[in-house]
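Structural description and commentary
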Amino acid sequence: MNLKQLSEEEKIFIHSADPFHMTKSILRKNLRGLEIISIESINGLNLLPPEVVNVLLVSFYREFSDQVYNRNDLKKLYNHWAKKGIKTFDDALIMSDRDIRADLGYK
């Protein structure tokens, strides 16, 4: 999903989908245990609006899809975005251009 060229339908989906459906749509397959654990770690935190969470998910799985990653990375990135005060869809799009691995402290 290219965040810079979203259709109206994709924007509506991003604003309304729950994190599990969003991730399934990003990965285009059933969720593995790792994805479920990661999503459960952020589900219900309510620090970020749903559309921001979904942009974060697109960014995260664009970087880590089909890889084994630390199950705490998604929550760590979620908290990073919350500390940065990301509250709008447009702010989330800007954050999605950042180097996720750097934000997670990877070299």
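Rules and cut-offs
- Residues numbered from 1 in each chain as written.
- Predicted model: local features only at pLDDT ≥ 70, side-chain atom pairs only at ≥ 80, totals over all residues.
- Heavy atoms only, no water.
- Salt bridge = Lys/Arg side-chain N within 4 Å of Asp/Glu carboxyl O.
- Helix = DSSP H or I, 4+ residues; strand = E, 2+ residues; numbered from the N terminus.
- Buried < 20%, exposed > 50% of the residue type's maximum accessible area, 1.4 Å probe, protein only.
- Core = buried A, V, L, I, M, F, W, Y, C linked by side-chain atoms within 4.5 Å.
- Contact = heavy atoms within 4.5 Å.
- Phe/Tyr/Trp six-rings, centres within 6.5 Å; stacked < 30°, edge-to-face > 60°.

Attention shifts here to the pattern of salt bridges. Counted according to the given criterion, the structure contains three salt bridges. Of the charged contacts in the structure, one is a salt bridge between arginine 101 and glutamate 63, with a shortest N-O distance of 2.5 Å. With arginine 101 in helix H7 (residues 100–103) and glutamate 63 in helix H4 (residues 50–64), this residue pair connects regions lying 38 residues apart in the sequence. On the basis of relative accessibility, which here comes to 26%, the residue arginine 101 falls in the partly exposed class. Look at glutamate 63 and you get partly exposed, because its relative accessible area is 30%. Here aspartate 103 ties to arginine 98 by a salt bridge, and the two come within 2.6 Å at their closest N and O atoms. Taking relative accessible area as the criterion, aspartate 103 reaches 14% and is therefore assigned buried.

The next point concerns the nonpolar core. A general feature of soluble globular proteins is that nonpolar side chains tend to end up buried together. Val55, Leu57, Tyr61, Leu74 and Trp81 are the most contacted members of the largest nonpolar core, which has 32 residues in total. Counting only elements with at least two residues in this core, the list comes to helix H2 (19–27), helix H3 (33–42), H4, helix H5 (73–83) and helix H6 (89–95). No other element matches H4, which puts nine residues into this core. Setting aside residues up to four positions removed in sequence, tyrosine 61 forms contacts with Thr23, Ile26, Leu27, Glu35, Ser38, Ile39, Tyr69 and Leu74.

Aromatic ring pairs are defined here through the distance separating the ring centres and the angle between the ring planes. Within the structure shown, the criterion is met by five aromatic pairs. Both rings, one in phenylalanine 60 and one in tyrosine 61, keep their centres 5.0 Å apart while their planes meet at 90°; by these two values the pair is edge-to-face. We classify tyrosine 61 as buried; its relative accessible area is 1%. Plain terms: the ring middles of tyrosine 61 and tyrosine 69 are 6.1 Å apart, the flat faces sit at 70° to each other, and that makes the pair edge-to-face. Three or more aromatic residues link up through ring pairs in this structure, and these residues are Phe60, Tyr61, Phe64 and Tyr69.

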